Amino acid sequence: MNRPDRNIRPEIRQLDEASVNRIAAGEVVERPASAVKELVENALDAGATRVDVAYAEGGKTLIRVRDDGCGMAGDDLPLALSRHATSKIDGSDLLNIHSFGFRGEALPSLGAVGRLRIVSRMAGAEGMAIMVDGGRMTAPRPEAAQFGTLVELRDLFHATPARLKFMRSDRAEAQAIADTVKRLAMAEPYVSFTLSDISQGDTREILRLDAAQGALFDALEERLAAILGRDFTENALRIEAEREGLRLAGFAALPTYSRGAAVAQYMFVNGRPVRDKMLLGALRAAYMDVLSRDRHPVAALFIGCTPELVDVNVHPAKSEVRFRDPGLARGLVVSGLRHALAGAGHRASSTNTGAMLGAFQATLPARSYQMDRPSGAARAAAYQLQAPQGMSENAGFWDAGATMAARSDTAPEAPVDAPLGAARAQLHENYIVAQTERGIVIVDQHAAHERLVYEKLKRLRAENGVPSQALLIPEIVELSAGDAAAVLDIAPQLAALGLVLEPFGGGAIVLRETPALLGNVDARALIRDILDELADQGASAGLEARIDAVLSRMACHGSVRSGRQMRPEEMNALLREMEATPLSGQCNHGRPTYVELSLADIEKLFGRR
């Protein structure tokens, strides 16, 4: 590294206005999407009900934003292009901010690094235009214009060519622009948006969002369905919570509707899109109990509060915020989401059904047969005629009224009208098939029982601790010194979970009691799994998170194993318990515990529809 010559005294200089604006642009305008964000926010601050965005070559050669907002007077145009000139605040209280923008830096910064043209007309006034090229401003002049404001930015970064080297491909920049417009559109469901690519003289509409109607939640659901897809809103829970002046609203998807990356997590504070680490961490924490570490929740959450409770002036691009009470905001997000997830009961994502139907491959071209369903009497008569000789008098299996449960001597009558129906069969000693009023349900018995045991263990821990059973012969488990230390470090917490262990010299530990709920367990395998979970969680995870992970592993050891035959009454008892247990629609790792096929879906598979 070159060291400065300390014998030379550096001279402090006042930078010229053009250099100041270019430095400011480096903080505000990182790429074309940053310019789009600033211009669209200005349009929304102006009260626009329609915003049209167009770009060419990923925004590198042209960005155009047109709105129908209040517009600007001709005398205000030069002032709007001056740094720290704004109509949004008066400077007396920087904590009472109700608008997107407030610094007055965006337009002069854009004019310093590109060719900027603004045309604006207020109600009852003529249109006026002004241009800025590399910081050099022209005088305002009259120009025919629609009501509102049109801003064109051409040749972004032409005045700072070094920045062009850091630009990504046209496609990547266009995707960033689309993401920016979508985020802003989510927060403004009553505003219409269009996004168009006008590269090479051709106009290609990328996005069209019409203004939503109705109550706020309905309008928000309509807007989110248009942006994120109808699958999201069909598999999302409405979130509403409030605590000490903070309000949380929005939609959060079921755990079984998760993503492999954190690319569909949208957070807003007072209508402002933010990528705040604390809020995203709270979202992750809320789903920690129902998702594995490699899956990520999908949500669009809106936090509202008085401006005095949050500082939005902590990041150059205003993408992060600082709450006066961060713990309150985090707690609101975590508790609000967990309450909604618990209220969803056994509900699972409907996309699982679609995936299941897609797995069926027709071997012949599908042919549709339309027919009426025969009556029960007609079916019974047909079965009698089709029965093998000598069996028509003794209906047995051929009796149309006989069911799987009815043919079992010990199986009680199960309610078909229950949400998860009545068990009819067990396939491959792992999957329960149940009949419902609308179709069938297929349940993964191990995954479902694992969630049930986990929820029961958590409930017992919260009440008086998990009851334990003493081992007739304590089991000694040999471990490395490091593994033994890791387990013994949380020995008091494990004791509250019904797992009592002690050091036994060297790297060995002795296991004296196990949770009674788990029955007979392989102690060595359980300890090894607990160690794996502790290593997977890492030292950065909180103690509560690590203990919950241990509980999850313990539940796996105490659940019905794959390959175990179940009696009809056991299968029905499992279904009833699933219906009564929160979060039973997914296992401890976020995978679905059941899939449902409606009768209509089944008829489609057989070409009846």
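Residues numbered from 1 in each chain as written. Predicted model: local features only at pLDDT ≥ 70, side-chain atom pairs only at ≥ 80, totals over all residues. Heavy atoms only, no water.

S.K.: Explain the packing of aromatic side chains here, please?
M.R.: The geometry of two aromatic rings is summed up by the distance between their centres and the angle between their planes. One pass over the full model with this rule turns up 3 aromatic pairs. When the centroid spacing of 6.4 Å and the interplanar angle of 50° are considered together, the rings of Phe-232 and Tyr-257 count as tilted. Residue Phe-232 is found in helix α8 (residues 230-234), and its partner Tyr-257 is found in the loop between β11 (246-253) and β12 (265-269); the two are separated by 25 residues along the sequence. Like Tyr-257, Phe-232 is buried. It is Lys-458 that lies over the ring of Tyr-454; its NZ or CZ is 4.8 Å from the centre. (Phe/Tyr/Trp six-rings, centres within 6.5 Å; stacked < 30°, edge-to-face > 60°. Helix = DSSP H or I, 4+ residues; strand = E, 2+ residues; numbered from the N terminus. Buried < 20%, exposed > 50% of the residue type's maximum accessible area, 1.4 Å probe, protein only. Lys NZ or Arg CZ within 6 Å of the ring centre and 35° of its normal.)

S.K.: Please explain the pattern of salt bridges as it appears in this structure.
M.R.: Two side chains with opposite charge may pair up if their charged atoms get near one another. Taken as a whole, this structure holds 29 salt bridges when the rule is applied. The salt bridge partner of Arg-115 is Asp-133, with a shortest N-O separation of 3.3 Å. Here the residue Arg-115 occupies a position in strand β3 (residues 115-121), and Asp-133 occupies one in strand β4 (residues 128-133), the gap between them amounting to 18 residues. Notably, a salt bridge pairs Glu-143 with Arg-141, separated by 3.3 Å at the nearest N-O pair. Salt bridges sharing partners connect three or more residues here, namely Arg-64, Arg-117, Arg-141, Glu-143, Glu-152 and Arg-154. (Salt bridge = Lys/Arg side-chain N within 4 Å of Asp/Glu carboxyl O.)

S.K.: Hey, could you run me through the sheet that holds strand β17 (residues 422-427) in this one?
M.R.: Picture the strands of a sheet paired through backbone hydrogen bonds; they go either parallel or antiparallel. Strand order across the open sheet formed by 4 strands is β17-β18-β19-β23, with antiparallel pairing between neighbours. One side of each edge strand has no neighbouring strand; the edge strands of this open sheet are β17 and β23 (594-598). On average, each strand axis in the sheet is tilted by 20° relative to the strand beside it, whichever way the strands run. In this sheet, β23 lies alongside strand β19 (residues 439-444) in antiparallel orientation, the contact comprising 5 bridges. Considered in β23, the bridge of Ile-440 is made with Leu-597. The strands that helix α13 (residues 445-463) touches are β17, β18 (431-435) and β19; relative to β19, the one it contacts most, it runs at about 70°. The strands touched by helix α18 (residues 568-580) are β17, β18, β19 and β23; relative to β17, the strand with the most contacts, the crossing angle is about 120°. (Pairing = 2+ DSSP bridges. Axes fitted to C-alpha atoms, helices over the stretch in contact; angles between N-to-C directions. Contact = heavy atoms within 4.5 Å.)

S.K.: Can you walk me through helix α6 (residues 170-187) in this structure?
M.R.: Helical periodicity: at 3.6 residues per turn, an α-helix aligns residues three or four positions apart in one direction. Between its first and last C-alpha atoms α6 spans 26 Å; for 18 residues at 1.5 Å apiece the expected length is 26 Å, and the two agree. Judged by how many residues are buried, α6 sits mostly within the fold: 13 of 18 residues are covered. (Expected span 1.5 Å × (residues − 1).)

S.K.: Hey, could you run me through the pairing of strand β21 (residues 500-503) in this one?
M.R.: Side chains on a regular strand alternate between the two faces of the sheet. Of the strand pairs in this sheet, β21 and strand β22 (residues 508-515) are connected by 4 bridges, and their pairing is antiparallel. By the bridge assignment, Val-500 is partnered in β22 with Glu-513. Linking two consecutive strands that pair antiparallel, namely β21 and β22, is a turn of 4 residues; a positive phi of about 90° is found at Gly-505 within it.

S.K.: I keep staring at the sheet that holds β11 and nothing clicks. Help me out?
M.R.: Reading across from one edge, β10-β11-β14-β12-β13 is the order of the 5 strands in this open sheet, with mixed pairing throughout. Pairing within the sheet leaves two strands with one partner each, and these edge strands are β10 (236-243) and β13 (272-274). The mean inter-strand angle of the sheet, taken between neighbouring strand axes irrespective of direction, is 20°. Here α6 sits on the sheet and contacts β12, β13 and β14 (299-304); the angle it forms with β12, its principal contact strand, is near 55°.

S.K.: For this particular structure, what's the right way to read the confidence of the model for the protein?
M.R.: Residues shown with low pLDDT carry predicted positions that ought not to be read at fine detail. Residues at a pLDDT of 70 or more form 78% of the protein, whose mean pLDDT is 81. In this model residues 366-371 is a low-confidence stretch, pLDDT under 50, and it forms 10 contacts with partners more than four residues away in sequence or in other chains. In this model, residues 391-411 is a region of pLDDT below 50 whose contacts with residues beyond four sequence positions or in other chains number 20 contacts. (pLDDT = per-residue confidence, 0-100.)

S.K.: Looking at this structure, I do not really get the nonpolar core. What am I missing?
M.R.: The tendency in soluble globular proteins is for nonpolar side chains to be buried side by side. Val-40, Val-51 and Phe-193 are the most contacted members of the largest nonpolar core, which has 59 residues in total. When residues in this core are grouped by element, the largest group, 9 residues, is from α6. Every residue in contact with Phe-193, bar those within four places of it in the chain, is listed here: Val-40, Leu-44, Val-51, Val-181, Leu-184, Ala-185, Glu-188, Leu-207, Arg-208, Leu-209 and Arg-223. Grouped together as the second largest cluster of nonpolar side chains are 35 residues, Val-290, Val-312, Val-333 and Ala-344 included. (Core = buried A, V, L, I, M, F, W, Y, C linked by side-chain atoms within 4.5 Å.)

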